[in-house]
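For reference, the chains in residue letters:
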Amino acid sequence: MQADALRLQADALRLQVDALRLQADALRLQVDALALQVDALALQADALALQADALALQADALTLSCIAKFNLLRINEMLY
């Protein structure tokens, strides 16, 4: 009887150890997932900064285009 009870306790302890190992693995996976999320957010921030730069360049290009058209009109006026 006592031997059976001790075997059951030993089995229960082994199961608890296995459960703790699985929890530790799950926590490591959560840490990895959080690190990946941080990386993804950093990439998104970089992408947004690049988009902002692209929009600024487009605005500059539009301004330069307008200046060029205005100057062309002035040159045409002077020629005719």
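For the structure, see preceding data.
Basis of the calculations
- Residues numbered from 1 in each chain as written.
- Predicted model: local features only at pLDDT ≥ 70, side-chain atom pairs only at ≥ 80, totals over all residues.
- Heavy atoms only, no water.
- Helix = DSSP H or I, 4+ residues; strand = E, 2+ residues; numbered from the N terminus.
- Rg over C-alpha atoms; globule rule 2.2 N^0.38 Å.
- Buried < 20%, exposed > 50% of the residue type's maximum accessible area, 1.4 Å probe, protein only.
- Areas by Shrake-Rupley, 256 points an atom, 1.4 Å probe, with all protein chains shown as cover.
- Lys, Arg positive; Asp, Glu negative; His and termini not counted.
- Charge placed at Lys NZ, Arg CZ, Asp CG, Glu CD.
- Patch = residues over 30% accessible without salt bridge, like charges linked within 9 Å, V, L, I, M, F, W, Y side chains within 5 Å.
- Salt bridge = Lys/Arg side-chain N within 4 Å of Asp/Glu carboxyl O.

**A short note on the overall build of the protein**
For the protein, the helix and strand inventory stands at 1 helix and 0 strands. A compact globule built from 80 residues should have a C-alpha radius of gyration of about 12 Å, whereas the protein, at 34 Å, is more than 25% larger. Taking the principal axes of the C-alpha coordinates as reference, the protein spans close to 115 × 10 × 5 Å. Scored against the burial criterion, the 80 residues of the protein give a buried share of 0%. Carbon and sulfur atoms provide 69% of the accessible area of the protein, an area that totals close to 7500 Å². Each charge class in the protein was averaged separately, 6 positive and 10 negative side chains, and the resulting centres sit 4 Å apart.

**Points about a nonpolar patch on the surface**
Where nonpolar side chains cluster on the molecular surface, the patch consists of Ile75, Leu79 and Tyr80 and spans about 430 Å² of accessible area. If you trace the backbone, Tyr80 turns up in the segment after α1 (2-79).

**Considering the pattern of salt bridges**
Any two side chains of opposite charge can pair if their charged atoms end up close together. Per the stated rule, a full pass over the model turns up 4 salt bridges. One salt bridge in this structure joins Asp25 and Arg28, with 2.3 Å as the shortest N-O distance. Here Asp25 pairs with Arg28, and both are found in helix α1, just 3 residues apart, close to one helical turn. Taking the relative accessible area as the measure of exposure, Arg28 reaches 48% and is therefore partly exposed.

Don't take any of this as a statement about function, it's just geometry.
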